[in-house]
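One letter stands for each residue in the lines below.
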Amino acid sequence: MTIRTKIALQFSVIVAALLAVFSIGIYYLSENYRQQEFYNSLRDRAVTTARLLIKEPQIDKQLLKVIDKNTLSTLYPAQVLVFNDSNEVAYYNYEADTIYYSPELLNKIRSQRYIETTFGSNQVVGTMYSDTLNKSYAVLAQAEDVYGKEKLMNIREAMYTGYFSAIILTIILGFVFAGQSLKPISKINEEISHITASSLRKKLDTGNNTDEIAILAVNFNKMLSRLDSSFELQKSFVSNASHELRTPLAAVKSEIQVALQNERTPEEYKTILNSLLNDNQRLIKLTNSLLQLAKSEAQENAVNLRPIRIDEILFSVQDEILHLNPDYKIQIDFEDIPEDINWVTVNGKEALLKTLFTNLIDNACKYSKNQQADVKIKANNQNCLISVSDTGIGIDKEELEKVFEPFYRTKRATSYKGSGIGLSICKRIVDLHQGKLSIKSEVDVGSLFVVVLPHT
Ligand code: ADP
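Note on numbering: residues in each chain are counted from 1, in written sequence order. Where local features are concerned, this predicted model is filtered to residues with pLDDT of at least 70; where side-chain atom pairs are given and counted, the filter is 80 or more; whole-chain, interface and lining totals use all residues. Side-chain figures throughout are based on the complete set of non-hydrogen atoms in the structure, without hydrogens or water.

1. Concerning the sheet that holds strand β5 (residues 136-143)
One bridge is not enough; two strands pair if DSSP finds at least two bridges between them. Starting at the N terminus, helices and strands are each numbered in turn, a helix being any DSSP run of H or I of at least four residues and a strand any DSSP run of E of at least two. Pairing is antiparallel across the open sheet formed by five strands, whose spatial order is β2-β1-β5-β4-β3. Each edge of the open sheet is held by one strand with a lone partner, namely β2 (89-92) and β3 (114-119). Strand-to-strand twist of the sheet, defined as the mean angle between neighbouring strand axes without regard to direction, takes the value 20°. Two strands pair when backbone bridges link them, and strand β4 (residues 122-130) and β5 are joined in this way by eight bridges, in the antiparallel orientation. From the neighbouring strand, M128 faces β5, where its bridge partner is A138. Contacts from helix α1 (residues 3-55) reach β1 (79-83), β2, β3, β4 and β5 within the one sheet, and its direction differs from that of β4 by about 40°. Orientation is described by axes fitted as lines to C-alpha atoms, over the contacting stretch for helices, and by angles from 0 to 180 degrees between their N-to-C directions. Any pair of residues with heavy atoms lying within 4.5 Å of one another is described as a contacting pair.

Right, dumping it as C-alpha cells:
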C-alpha cells in the first residue's frame, strides 16, 4: 500500500470514528429530549383532564369526552383514565380495556405520586390529583409519540446521509491532500533515480528549504557531496599510488637497461646494485604505507580495542626510531604528572598507535635541521593529550589542511624523502580512536602536532 493511500485511509478512519461518536451522541441526546418532552405533555394532559372532570361541575363525562376528542386529542390521541379512591374507573376517554393498567401500577402511583413508564411503544404517565374535599384521584395518560418519533427518524436519515457523504468527501480530500503533500517526495524519487556514480555532482531541488522534505533533500545533497569527495579522493589516491609506484619501478628498469649496455667492472656493478637496493627500499616503504592505510580503513568497525598506556607506547616508538636513525634526538616528558595513572591509558590498538606516533616523531626529526622531536604528555579528566613539536621547516598556512590528504607533500618538503601518506594514516588512526589531530605551524619556526585521545 502506498503512503498516500495509507495517509488517506487513516485520515478517513479517524474522521469517520469522530463523526460516528458525534452523531450517536447527538441522536442519543435528541431521543432523551423527545421522551422527556412527551412525558411532560402527557402529564399536562392528565392534569388538565382531571381538573376539567373534578373541578368543573358544569362539565360532565360526556361533554368532557366531546371536548377531549375535539380539542385535546387533535394534538395527539392520548388515552386518559381517572380512578377514584377505590381504584374504580371514574372517567375514560377511550374504551377502558384498551388502556394498560393494573392494581400494582395504581398503588405505585399512589405511593410515588408521579411515575413515568412505557408500555409497548406507548409512554405512560401516572399522577395524583386531589379535589376540594381532599379526595385523591389517580390519573393515567398514555400515548405513542408518533410525531416526535417521525421527527427523530428524519434526523437519523439526515445523519446517515450526512455521515456517508462526509466520509466519501474525506476519502477524496485525503487522497488529494496526501498526494499534494507527498508530491515533493515523488519529485525527489524521480531526481534520485537519475543520479549515478558518475553524476554525483548533481543536486536535488531543495524547494522552500524549510519543511521536512526540503531538509531531507538538503541532507541528501550533503551526502552526495561527501560521496563525491570520497570518490574523488579514491580516484586521486589510485592515480597517485600508481604514479608513486611507477616512478621507482621505471628508475629500476632504466638503471638495469643502462647497466646491461656495456661490460662493467665489479665496482660499477656494486654501485648499480646499491642504487637498485635504495629504489627497492623506497618501494617496500611505500607499499608498506599503502598497506597500513588499507588496514586502517578496514578496521573502521574494529571492536577489539584494549587499554594501552600511552607513555609506554611513546617510549617503545622512541627506541625503534633511534635504533634506525641514531642521529635523531627524541625528548619525551610529562607536561603535568597526571592525577590518576588511568588518565594516560587509552582504549586502542597498539600497532596502530605505534604507527601514529612513529609517523609524527619521524616527521618532526626528518623536517628539522637539529633532527629533534619534543614529545609532551598531558592528561585531564577526559582526555590524554600528546604533542609532538619541532623547530624545523614548518608548513605554509594554506597547506596546513592539505597535509592530511594522501600523497600531499608541501613545496618546502620536496627535497626530503617521503611519500606523503604518513599523515593521512595518522588522521585515520586518530579518527578510529575517536580522537582529534590538530596542527599548528609557522614557516622556518617549527610545527606542533597535537593528538587528543579519550582515556579509559
Ligand atoms: P612524508 O612521507 O612526505 O613525510 P607525511 O604524510 O608524513 O608524508 O607528511 C605529509 C607532508 O606534510 C610532508 O610531505 C611535509 O610536507 C609535511 N609535514 C609533515 N610533518 C611535518 C613537519 N613536522 N614539519 C614540516 N612539514 C611537515
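2. Remarks on the packing of helix α7 (residues 310-324) against helix α8 (residues 350-366)
When two helices pack together, their arrangement is given by the angle between their axes and by how far apart the axes lie. In the contact formed by α7 and α8, the axes pass within 9 Å of each other and the chain directions differ by 55°. The angle between the axes of α7 and α8 places the two elements in the oblique class. With respect to the hand of their crossing, α7 and α8 are arranged in right-handed fashion. Counted together, I310, I313, L314, S316, V317, E320 and I321 of α7 and E350, L353, K354, F357, T358, I361 and D362 of α8 form the full contact between these two elements. Three classes are used, and their members are as follows: Ala, Val, Leu, Ile, Met, Phe, Trp, Tyr, Cys and Pro are nonpolar, Asp, Glu, Lys and Arg are charged, and the others, Gly among them, are polar. Classifying every residue of the contact of α7 with α8 by side-chain character gives eight nonpolar, two polar and four charged. For classification, angles of less than 35 degrees are called roughly parallel, those exceeding 145 degrees roughly antiparallel, those between 65 and 115 degrees roughly perpendicular, and all remaining angles oblique. Crossings are sorted by hand: turned counterclockwise from the far helix by less than a right angle, the near helix makes the crossing left-handed, and turned clockwise it makes it right-handed.

3. Some details on the packing of α1 against helix α4 (residues 146-192)
Two elements in contact, α1 and α4, have axes whose closest approach is 8 Å; the angle formed by their N-to-C orientations is 165°. In terms of axis orientation, α1 runs roughly antiparallel to α4. Note that α1 runs across α4; the crossing there is right-handed. Among the residues forming the contact of α1 with α4, the class breakdown is 20 nonpolar, eight polar and five charged.

4. Structural notes on the sheet that holds strand β7 (residues 329-334)
Reading across the sheet, the five strands line up as β7-β9-β10-β12-β11 and stay open at both edges, with mixed pairing between neighbours. On the outer flanks of this sheet lie β7 and β11 (436-442), each paired with one strand and no other. Geometrically, the sheet is characterised by an average inter-axis angle of 15° between neighbouring strands, direction not taken into account. In the sheet, β11 pairs with strand β12 (residues 446-454) via seven bridges, with the strands oriented antiparallel. In the sheet register, K436 faces β12, and the bridge partner there is V452. Sitting on the sheet, α7 is in contact with β7, β9 (372-379), β10 (383-389) and β12, with an inclination near 170° to β7. Contacts from α8 reach β7, β9, β10 and β12 within the one sheet, and its direction differs from that of β9 by about 135°.

5. Things to note about the site of the ligand
Near is defined per residue: the residue qualifies when any heavy atom it owns lies within 4 Å of the molecule or strand. For the ligand, the set of nearby residues contains 21 residues, the closest of which are N363, Y367, R409, T410 and L423. Polar contacts here mean pairs of N or O atoms no more than 3.5 Å apart (in protein, one a potential hydrogen donor and the other a potential acceptor; neighbouring residues in sequence count only if both atoms are side-chain atoms). S419 has a polar backbone atom sitting 2.9 Å from an oxygen atom of the ligand. In the environment of the ligand, a nitrogen atom lies 3.4 Å from a nitrogen or oxygen atom belonging to the side chain of S447. Using a 1.4 Å probe, the Shrake-Rupley method yields the accessible areas, and only the shown protein chains count as cover for residues. Taken by itself the ligand offers 520 Å² of open surface, and the protein chains cover 98% of this. Contributions of two or more residues to the shell around the ligand are made by α8, α9 (422-432) and β12. Ranked by residue count, the leading element in the shell around the ligand is α8, at three residues.

6. Structural notes on the side chain of S23
Along the chain, the position of S23 falls in helix α1. Partly exposed describes any residue whose relative accessible area lies between the buried limit of under 20% and the exposed limit of over 50%, with all areas from a 1.4 Å probe on protein chains only and scaled to the type maximum. Exposure remark for S23: the relative accessible area of 16% places this residue in the buried category. Apart from the residues lying within four places of it in its own chain, the contact partners of S23 are M159 and Y163.

7. Comments concerning the environment of Q318
Looking at where Q318 falls in the secondary structure, it is placed in helix α7. For the pair Q318 and D362, spaced 44 residues apart in the sequence, the C-alpha separation amounts to 9.4 Å. Each residue touching Q318, except ones within four places of it in the same chain, is listed here: I330 and I332.

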